Amino acid sequence: MAIQVLKPKFHVDECIEQIRECLEKGWTGMGFKTVEFEEKWKEYTGHPHAYYLNSNTVGLYMAVQILKAECGWNDGDEIITTPITFVSTNHAMPKNNLIARFADVDEYLCLDPQDVERKINERTRAVMFVGYGGRVGRLKTIIEICRKHGLKLILDAAHMSGTRVDGVCPGTWDGVDVTVYSYQAVKNLPTADSGMICFADGRYDVIARKLGWLGINKDTYARTGDKGTYKWKYDVEYVGQKDHGNSIMAAIGIVQLRYLDEDNRYRRMLASMYDQAFADNPNIKIVGAPYHDECSYHIYELIVPDREGLLDELAKHEIYAGVHYRDNTEYSIYAYDHGECPHAHEVSQHIISLPLHLYLTEEDIRLVAGVVNDFTR
Ligand SMILES: *Cc1c(COP(=O)(O)O)cnc(C)c1O
């Protein structure tokens, strides 16, 4: 059977049971399971606030939107960000009339603190950090830099569901202003599409809940009493958007969260098998996890001399690897910073994501690693 790069595993019967509750109750929208999932996520992560959304993408947009309005940033101000990410991360800036200013990545393929400091200027307002593959990279140093220069820090934690450092979720570290998770179909906690925005400051959480529901100041669930009484009157305080999540997605999320730690342990076991298999291959560079041992390992990355050749060779064996990601400054919309991030540019030509998911067996890993080692040696 063909081996895919990413493949979600759902606990089907339990998911159906949770969804059935929504259908029987007649409540599939915002409220009910979304509230339960928010509570469970706060308990699991330690975030003081969590607002359930229909994607991480809208969460990143909203994070920038709220910080811009509340901190008084101007159009044309800059946020320093990474070129090695999915474009959702960077679209949050132009969507809000801000400039995405690209800094280079380090050996973890996370933002390189030295280059971040170099890119700071009088228009810089924030840093957008991506926990690439679930890694934290040098986030601690980035926090210090943000503190020193009075910058806000947004964490795109799309890959980081379940990542912990010394038992703590990095999104909750002091100095991270807002953390945005993704529960998109192939992420570590898959639903179909949804996400969570977690502000450190409760005032911003209150604003997010209004903005994510057309600017309305009371949601329908909160306006429906125990006896089915329904208060119809509300005020509209913002021109908001429709970003909130729904109970069907949350129902799946609640089930998948129960297995997240167990699932991530299995991913780490597979990743360490790969690590061992490639340890003495001089032509392969492993993109490793830094000083923490609880990485979510959303993806497993190698840097190889002939990436296109290896992709083809793997495909011949019905093994479908991937590329995460192409240097975003190669896209025409971000070409204004092309050449500003030489390491990212170089890495982007050589990076390959090997299959890593919960359906893979140890035998599969040996098979994939064998093909990779044969081709590259
Ligand atoms: C998947 C992903 C997103 C977008 O998440 P959605 O929930 O699909 O909107 C953003 N950033 C990164 C790094 C991602 O991998």
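Note that the coordinates shown come from a computational prediction; the quantities given were computed from them, not determined experimentally. (Residues numbered from 1 in each chain as written. Predicted model: local features only at pLDDT ≥ 70, side-chain atom pairs only at ≥ 80, totals over all residues. Heavy atoms only, no water.)

1. Here we look at the site of the ligand
Then comes step 1: Taken together, 16 residues form the shell around the ligand, and within it T57, D156, H159, S182 and K187 come nearest.
Then comes step 2: In this structure, T57 approaches the ligand through a side-chain N or O atom, which is 2.4 Å from an oxygen atom.
Then comes step 3: Here the ligand has 380 Å² of accessible area as a free molecule, and 93% of this is covered by the chains.
Then comes step 4: Counting residues per element, the ones that place at least two in the shell around the ligand are α3 (56–71) and α4 (88–91).
Then comes step 5: Split into classes, the residues belonging to the shell around the ligand amount to 4 nonpolar, 10 polar and 2 charged. (Near = heavy atom within 4 Å. Polar contact = N/O pair within 3.5 Å; in protein donor to acceptor, adjacent residues only side chain to side chain. Areas by Shrake-Rupley, 256 points an atom, 1.4 Å probe, with all protein chains shown as cover. Helix = DSSP H or I, 4+ residues; strand = E, 2+ residues; numbered from the N terminus. Nonpolar A, V, L, I, M, F, W, Y, C, P; charged D, E, K, R; others polar.)

2. Details of helix α12 (residues 362–376)
Then comes step 1: The terminal C-alpha atoms of α12 lie 21 Å apart, and with 15 residues this matches the ideal 21 Å at 1.5 Å per residue to within 8%.
Then comes step 2: Residues of α12 that are buried include every one of D364, I365, V368, A369, V371, V372, N373 and T376, and no others.
Then comes step 3: The secondary structure elements touched by the buried residues of α12 are α9 (260–278), β9 (300–303), α10 (307–316) and β10 (351–354). (Expected span 1.5 Å × (residues − 1). Buried < 20%, exposed > 50% of the residue type's maximum accessible area, 1.4 Å probe, protein only. Contact = heavy atoms within 4.5 Å.)

3. A look at unusual backbone geometry
Then comes step 1: Cis geometry is adopted by the peptide bond preceding Y325, which originates at H324 and carries an omega value of 5 degrees.
Then comes step 2: Its place among the elements puts Y325 in the loop between α10 and α11 (342–350).
Then comes step 3: Phi angles above zero are rare outside glycine, and Y297 is one such case at about 45 degrees.
Then comes step 4: Note that Y297 resides in the loop between β8 (285–286) and β9.
Then comes step 5: Assessed through its relative accessible area of 7%, Y297 is described here as buried.
Then comes step 6: Positive phi outside glycine occurs at E318, with the angle close to 60 degrees.
Then comes step 7: Its place among the elements puts E318 in the loop between α10 and α11.
Then comes step 8: Classification of E318 by relative accessible area gives partly exposed; the value is 43%.

4. With respect to the pairing of β10
Then comes step 1: Residues I351 and S353 of β10 are buried on one face, and the alternating residues I352 and L354, pointing to the opposite face, are buried as well.
Then comes step 2: As judged from the 4 bridges shared by β9 and β10, these two strands associate in the antiparallel manner. By the bridge assignment for β10, L302 is matched with I352. (Pairing = 2+ DSSP bridges.)

5. Remarks on the sheet that holds strand β2 (residues 78–81)
Then comes step 1: Spatially, 7 strands are ordered β1-β7-β6-β5-β4-β2-β3 in an open sheet, and the strand pairing comes out mixed. Two strands close off the open sheet at either side, each with one partner strand: β1 (51–53) and β3 (99–102). Averaged over all neighbouring strand pairs, the angle between strand axes comes to 25 degrees, with direction disregarded.
Then comes step 2: Sheet analysis places strand β4 (residues 124–130) next to strand β5 (residues 152–157), joined by 5 bridges and oriented parallel. Looking across to β5, one finds that M128 is bridged to I154.
Then comes step 3: In the packing of helix α6 (residues 139–149) onto the sheet, contacts are made with β4 and β5, and the angle to β5 comes to roughly 155 degrees. (Axes fitted to C-alpha atoms, helices over the stretch in contact; angles between N-to-C directions.)

6. Observations regarding the environment of C198
Then comes step 1: Within the secondary structure layout, C198 lies in strand β7 (residues 195–199).
Then comes step 2: The buried category is assigned to C198, whose relative accessible area is 1%.
Then comes step 3: The spacing of C198 and Y181 is 17 residues in sequence and 8.3 Å in space, taken between C-alpha atoms.

7. Concerning α9
Then comes step 1: Between its first and last C-alpha, α9 extends 27 Å over 19 residues, near the 27 Å set by a 1.5 Å rise per residue.
Then comes step 2: Where α9 is concerned, the buried positions are L260, D263, N264, R267, R268, L270, A271, M273, Y274 and F278.
Then comes step 3: Buried residues along α9 sit against α2 (33–45), α8 (247–258), β8, β9, β10 and α12.

8. Comments concerning the side chain of Q241
Then comes step 1: Residue placement: Q241 occurs in the loop between α7 (202–211) and α8.
Then comes step 2: Q241 gets classed as buried once you look at its relative accessible area, which sits at 17%.
Then comes step 3: Contacts of Q241, omitting those with residues within four sequence positions, involve Y61, M62, Q65, L211, G212, W213 and L214.

9. Things to note about the packing of α3 against α7
Then comes step 1: For the pair α3 and α7, interaxial distance at closest approach is 11 Å and the crossing angle is 120 degrees. When the axis of α3 is compared with that of α7, the two are oblique. You can see that α3 and α7 cross each other, and the crossing is right-handed. When α3 is examined against α7, the residues M62, Q65, I66, L67, E70 and C71 are found in contact with a partner set consisting of Y204, I207, A208 and L211.
Then comes step 2: Here the contact of α3 with α7 is composed, by residue class, of 8 nonpolar, 1 polar and 1 charged. (Parallel < 35°, antiparallel > 145°, perpendicular 65-115°, else oblique. Left-handed = near helix turned anticlockwise from the far one by under 90°.)

Don't take any of this as a statement about function, it's just geometry.
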